[in-house]
Every structure is written in structure tokens, then in C-alpha cells.
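Each chain is listed here by its residues.
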Amino acid sequence: MTLRRLTLLLSAAALTATSLEAQNIRAGIIGLDTSHVLSFSKTLNADPQDPEVMGVRMVAAYPKGSPDIEGSVKRVPEYTEKVKAMGVAIVPSIKDLLDQVDVVFLETNDGRPHLEQLRPCLEAGKPVFIDKPIAGTLTDAIKIFEEAKAAGVPVFSSSSLRFGKGTQAVRNGSVGKVMRAETTSPASLEATHPDLFWYGIHGVESLFTVMGTGCVSVKRGTTAEGKITVTGTWEGGRTGTYTEAKGYTGKAVGEKGEAAVGSYDGYDPLLFAAVHFFRTGVAPVSPEETLEIYAFMEAADESKRQGGAEVTLKSVMDKARAAAQK
């Protein structure tokens, strides 16, 4: 065997070893009060694993919930026992978690503590997926992205609805440029958050996935049945409407036709996107788009306060950015 041939073989072996090692990722959870943690843990810790998550295991969880949200108080004990049964170690602090993991799923159902829970992860240099809602206020959402950028640590946030098959097809151009879209989802409210942050985010995320950024203003009203409806005006006169309803539905009308959007296709598509993000460091959703989604929902609340008046996203973003600077 020639020296050149031996060198090539050794180099290939080293590359293979490095590639395999790169796929072995230890994941951890902050917060055990959402069903997402059960689904994610079940998929990651299955034997055999799906090819999309090969080598990524959920190894530890910090079960902190929110004492002033009834659903959180009820779920934490139950979900703690369920993830333990899947082989996930329960740890007493975020610091202990970070000592044992490479990446973090920030799953606390309550958006209010996300910024404080994220900060130790940024200090430790651990990439983070932040489940919806990214924060309890638009101001905190801005701070999250600013601090992550300053720390050089990749983060992203999204609802699972973004990754519905039909929604992604339209996002990728199946009907050309979308001129008009309507989406629906449930919109149960939580008094500690702006109205749509808690659950309406699902339908709003679908709407932005097909419409893209560029929303200028919103007007909020109610349907004949008393349900929330919010219509946004995008640059170029395009329009997108979110309406509260029981199901996850929608339609996008583009330059080349129309298509159904907004379906819920389970949690795995979101998990697969998060795993790809952890492997590559490339977020599937830009900070700018996520912030515009939350500005849309904050502007909807402001429109409600003003009796259904049209509110610009710039006005709520400027106010939130000024608050973030303080």
C-alpha cells in the first residue's frame, strides 16, 4: 500500500469518526408543563430512532413550571414521571442541566420566564429552541434575540404549525407569490399574556409562514359568533387574516392558484427542524420574522384597546424596542 493511499484512508476514517461524533447530541429540557416534551422525548429516545433524529437523545430535564398558571401546576408532576419513564434524568437546576447537555429545548409553557431561563444557556454557549410563546411580552422577545446575538449563540422559536406539509409547500412557492391568505386556530386566553400569544400564535404562525414578512398594520374585530379576527395589511396591498376557530385550517391565494394551508401535522416536523438546527446552527426562522409575528399579535391587542382601530406594527415595535433599551 502506498503512503498516499494510506494517508487517504486514514483521513477518510478520521472524517467518518468526526461525522459520527457530531451526530451524538445530548439534549435537555427546561420546563415540563407542555405536551411537547412528551412527544419530543418519545421520538428522540425511541429504539430504533427515526433517521431525522439519529444520534440525538433527550437525557435530562429541569421540571420548573409556573405556580400562578393552573395548567402548569397540574402538569408538572405527571409529565415529570412520564419523561423519567423514557430515560430522562430529572435535575434540580438549570446549571445542573447545562452540565449534562449539548443543546436545550426551552419548553416552559409560560413565556414570561423564558428570558431569565435562556440567559444561563447563552452563558454556557448552548444552542436553544424556544417553544411558543417565545416570551410574555414583545419587549422580552426583542431582548432574547439581542442577547443571543451578543452571545453568539443560535436560537429560534416557532409553533409546530409552521411545518405543516401544505403550509410549507406554499412557503416554497407552490402557488407563487401569496396575495391573500386566511388561517384559523383555537385561541384560548391566558390573563398573564397578550391574547394571541398563548394559543392564537398557532394560526398566526401559519399565516406568516405563507405570507412572509412585510406586514404594515392590523385591525382587530370579532366574528358574528364573537370570535377574535385580525386582518393584516402587507406591503403591496396583500392581506392576511387570522380568525379564532376550533380547527387548524386556512387557504392561501397566490399568483398561480390557491391551496389549503394551516393544518396541524403533529410535533415531529417541528422536532426534525429543531434537530437540523442543532446540527447546523442555522435557524429555520429568522429573528426578524419571529419578531414581526409577535408585533402582529401585540398590535392586535392595541387595536382591541383602541376599539378596532388600525395599528401599525412599527408603532408597537418602536415602543417595545425603547422599553428593551431601558
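Each remark here, short or long, concerns the structure printed above.
Right, let's walk through the structure included here. (Residues numbered from 1 in each chain as written. Predicted model: local features only at pLDDT ≥ 70, side-chain atom pairs only at ≥ 80, totals over all residues. Heavy atoms only, no water.)

## A look at the overall build of the protein
Step number 1: Looking only at helices and strands, one finds 12 helices and 13 strands in the protein.
Step number 2: Projected onto its principal axes, the C-alpha coordinates of the protein cover approximately 75 × 50 × 40 Å.
Step number 3: In the protein, which comprises 326 residues, the share counted as buried stands at 52%.
Step number 4: Across the protein, every contact between residues at least 6 apart in sequence was considered, and the portion connecting residues at least 24 apart equals 74%. (Helix = DSSP H or I, 4+ residues; strand = E, 2+ residues; numbered from the N terminus. Buried < 20%, exposed > 50% of the residue type's maximum accessible area, 1.4 Å probe, protein only. Contact = heavy atoms within 4.5 Å.)

## As for the environment of Val153
Step number 1: By the element assignment, Val153 lies in the loop between α6 (138-151) and β6 (155-158).
Step number 2: Along the chain, Val153 and Ala124 lie 29 residues apart, while their C-alpha atoms are 9.2 Å from each other.
Step number 3: Filtering out sequence-adjacent residues up to four positions away, Val153 remains in contact with Leu122, Gly125, Lys126, Pro127 and Ala148.

## Quick word on the sheet that holds strand β7 (residues 178-185)
Step number 1: Across the sheet, which stays open at both edges, the 7 strands sit in the order β12-β11-β7-β10-β9-β8-β13 with mixed pairing between neighbours. Edge positions in the sheet fall to β12 (257-260) and β13 (311-312), since each of these pairs with one other strand and no more.
Step number 2: Of the pairings in the sheet, the one linking strand β8 (residues 215-222) to β13 comprises 2 bridges and is antiparallel in character. The residue bridging Val218 from the neighbouring strand is Val311, located in β13.
Step number 3: Here helix α9 (residues 201-211) sits on the sheet in contact with β7, β8, β9 (228-234) and β10 (239-244), set at roughly 165° to β7. (Pairing = 2+ DSSP bridges. Axes fitted to C-alpha atoms, helices over the stretch in contact; angles between N-to-C directions.)

## Some details on the environment of Asn172
Step number 1: Looking at the element boundaries, Asn172 is found in the loop between α7 (165-171) and β7.
Step number 2: In sequence terms Asn172 and Thr209 are 37 residues apart; their C-alpha atoms lie 9.7 Å from each other.

## Some points on the side chain of Glu292
Step number 1: Looking at the element boundaries, Glu292 is found in helix α11 (residues 287-305).
Step number 2: Although buried, Glu292 forms no salt bridge, and the nearest oppositely charged side chain, Arg238, lies 7.6 Å from it.
Step number 3: Here the side chain of Glu292 touches Gly214 through a polar contact of 2.7 Å, landing on its backbone nitrogen.
Step number 4: Those residues in contact with Glu292 that sit more than four places away from it in its chain are Phe208, Gly212, Thr213, Gly214, Cys215, Trp234 and Leu313. (Lys, Arg positive; Asp, Glu negative; His and termini not counted. Salt bridge = Lys/Arg side-chain N within 4 Å of Asp/Glu carboxyl O. Polar contact = N/O pair within 3.5 Å; in protein donor to acceptor, adjacent residues only side chain to side chain.)

## A look at α6
Step number 1: Relative to the 20 Å expected for 14 residues at 1.5 Å per residue, α6 spans 20 Å between its end C-alpha atoms, a close match to the ideal helical length.
Step number 2: The inward-facing, buried residues of α6 contact α5 (114-124), β5 (128-131), β6, α8 (195-198), α11 and α12 (313-325).
Step number 3: Immediately beyond the C-terminal end of α6, within one or two residues, lies Gly152, with a positive phi of roughly 70°. (Expected span 1.5 Å × (residues − 1).)

## Quick word on the sheet that holds strand β1 (residues 25-30)
Step number 1: Read across the sheet, 6 strands follow the order β3-β2-β1-β4-β5-β6 without closing on themselves; strand pairing throughout is parallel. One side of each edge strand has no neighbouring strand; the edge strands of this open sheet are β3 (89-90) and β6.
Step number 2: The pairing of strand β4 (residues 103-106) with β5 spans 3 bridges and is classified as parallel. Residue pairing in the sheet places Leu106 in a bridge with Ile130 of β5.
Step number 3: Sheet contacts for helix α10 (residues 268-280): β1, β2 (56-62), β4, β5 and β6; angle to β5, the most-contacted strand, approximately 150°.

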